[in-house]
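# Results of the structural survey
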Amino acid sequence: MAKKKTVHVTVTMAELLYDISNETYLRGRMADDGTNYRKVAYMFASMDADNRDKILRSVKRAFAEVKTAVAEYLDESALSADDILQDSPDDIALHLSMPGNYDEAATEGMAEAVHDYIRNTAVADWYLVTDKGDAADYATLAARAMQSLRNAVNRRCRPTRPATATKAQG
């Protein structure tokens, strides 16, 4: 039986929160028609105290969904969980115990898919409150990212034939 491969995927929280803010900023800038200042201002998910808790709650929920999607390979033994929202959340980390034939080339894609899923889910949640018209687009992007994550987790290497000893000719 092939030995298991340990895969660590880390999403840096500071990068994720920046990406959420930047995504909503850019989208708001594109929606600006010169007369809708208030709408555009609310589209921007800044990390102010008023907004941060909503965004962090969305991030926590999205990460829980990621863990459910990769639960078969998740290498953790937590039998309890809580709904406490931390003020300064830690980076997001997955520790997976993958089959020996897991295609390691898919690891980078897995990390990007986790980041994209969490970002797009948080933006969709944000826009459900501030800009319903764009919420569905980000939910669709999140669904695509989840599919990419599932594809990356299920990538396998082709088997190789073991080297055989050549027979001595007599």
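Our subject is the structure listed above.
Let me sum up the structure you'll find in this document.

## Focus on the side chain of His-115
The residue His-115 is located in helix H4 (residues 107-130) in this model. Residue His-115 is classed as buried on the basis of its relative accessible area, which comes to 14%. If we skip the residues at most four places from it in the chain, His-115 touches Val-11, Glu-15, Leu-16 and Asp-19.

## Brief notes about the pattern of salt bridges
In the structure shown here, the tally under the stated rule is 8 salt bridges. Across the pair Asp-134 and Arg-27 runs a salt bridge, and its minimum N-O distance is 2.9 Å. Taken together, the residues span a long stretch of sequence, with Asp-134 in helix H5 (residues 132-153) and Arg-27 in helix H1 (residues 13-31) at a distance of 107 residues. Judged by its relative accessible area of 9%, Asp-134 falls in the buried class. We note a salt bridge from Asp-103 to Arg-155, for which the minimum N-O separation is 3.8 Å. Linking Asp-103 in the loop between strand E2 (92-98) and H4 with Arg-155 in the segment after H5, this pair joins segments that are 52 residues apart in sequence. Given a relative accessible area of 17%, Asp-103 falls into the buried group. Taken together, the salt bridges that share partners define one network made up of Asp-19, Asp-116 and Arg-119.

## Re a nonpolar patch on the surface
A cluster of nonpolar side chains, namely Tyr-25, Leu-26 and Phe-44, defines an oily patch on the protein surface of about 250 Å² accessible area. Tracing the sequence through the fold places Phe-44 in the loop between helix H2 (37-43) and helix H3 (49-69).

## Details of the nonpolar core
Formed by 43 residues in total, the largest nonpolar core has its most connected members in Ile-20, Val-59, Val-66, Leu-94, Leu-96, Ile-118 and Leu-149. Counting residues per element, the ones that place at least two in this core are strand E1 (5-11), H1, H3, E2, H4 and H5. It is H4 that provides the largest number of residues to this core, a total of 10 residues. The contact partners of Val-66, leaving out residues within four places of it in the chain, are Leu-94, Val-114, Tyr-117, Ile-118, Met-146 and Leu-149.

## As for the packing of aromatic side chains
Across all of its chains, the model carries 2 aromatic pairs by this definition. Judged by centre distance (5.6 Å) and plane angle (65°), the rings of Tyr-127 and Tyr-138 are edge-to-face. Residue Tyr-127 is found in helix H4, and its partner Tyr-138 is found in helix H5; the two are separated by 11 residues along the sequence.

## Here's the deal with the packing of H3 against H4
Packing of H3 against H4 leaves a shortest axis separation of 9 Å and a crossing angle of 135°. Taken as axis vectors, H3 and H4 run oblique relative to one another. In the crossing of H3 with H4, the sense of the turn from one axis to the other is right-handed. Facing H3, whose interface residues are Asn-51, Lys-54, Ile-55, Ser-58, Val-59, Arg-61, Ala-62, Phe-63, Glu-65 and Val-66, H4 presents Val-114, Tyr-117, Ile-118, Thr-121, Ala-122, Asp-125, Trp-126 and Val-129. Residue composition of the contact of H3 with H4, grouped by class: 11 nonpolar, 3 polar and 4 charged.

How each quantity is defined
Sequence order sets the numbering: in each chain, residues are counted from 1 along the sequence as written. Side-chain atom pairs in this predicted model are given and counted only at pLDDT of 80 or more, local residue features only at pLDDT of at least 70, and totals for whole chains, interfaces and linings cover all residues. The side-chain numbers reported here are obtained from all heavy atoms of the structure, hydrogens and water having been left aside. A helix here means a DSSP run of H or I that spans at least four residues, while a strand means a run of E at least two residues long, and both kinds are numbered starting from the N terminus. Throughout this description, buried means an accessible area under 20% of the type-specific maximum (1.4 Å probe, protein chains only), exposed means over 50%, and partly exposed covers the range between. Any two residues whose heavy atoms approach within 4.5 Å at even a single point are treated as in contact. Just to be clear on terms, a salt bridge is a Lys or Arg side-chain nitrogen sitting within 4 Å of an Asp or Glu carboxyl oxygen. Exposure above 30% relative accessible area and the absence of a salt bridge qualify a residue for a patch, where like charges join within 9 Å and nonpolar side chains (Val, Leu, Ile, Met, Phe, Trp, Tyr) within 5 Å. With residues, only the protein chains shown are counted as cover, and all accessible areas are computed by Shrake-Rupley using a 1.4 Å probe. For this analysis, a nonpolar core means a set of buried residues of the types Ala, Val, Leu, Ile, Met, Phe, Trp, Tyr and Cys, connected via side-chain atoms within 4.5 Å. Ring pairs shown here join Phe, Tyr and Trp side chains whose ring centres sit within 6.5 Å, with only the six-membered ring taken for Trp; geometry is labelled stacked below 30 degrees between planes, edge-to-face above 60, and tilted in between. Only the stretch in contact is used when fitting a helix axis, every axis being a line fitted to C-alpha atoms; angles between N-to-C directions are given from 0 to 180 degrees. Here the word oblique covers every angle except those under 35 degrees (roughly parallel), over 145 (roughly antiparallel) and from 65 to 115 (roughly perpendicular). Left-handed describes a crossing whose near helix is turned anticlockwise from the far helix by less than a right angle; the clockwise case is right-handed. Here the nonpolar group is Ala, Val, Leu, Ile, Met, Phe, Trp, Tyr, Cys and Pro; Asp, Glu, Lys and Arg are the charged ones; every other residue, Gly included, is treated as polar.

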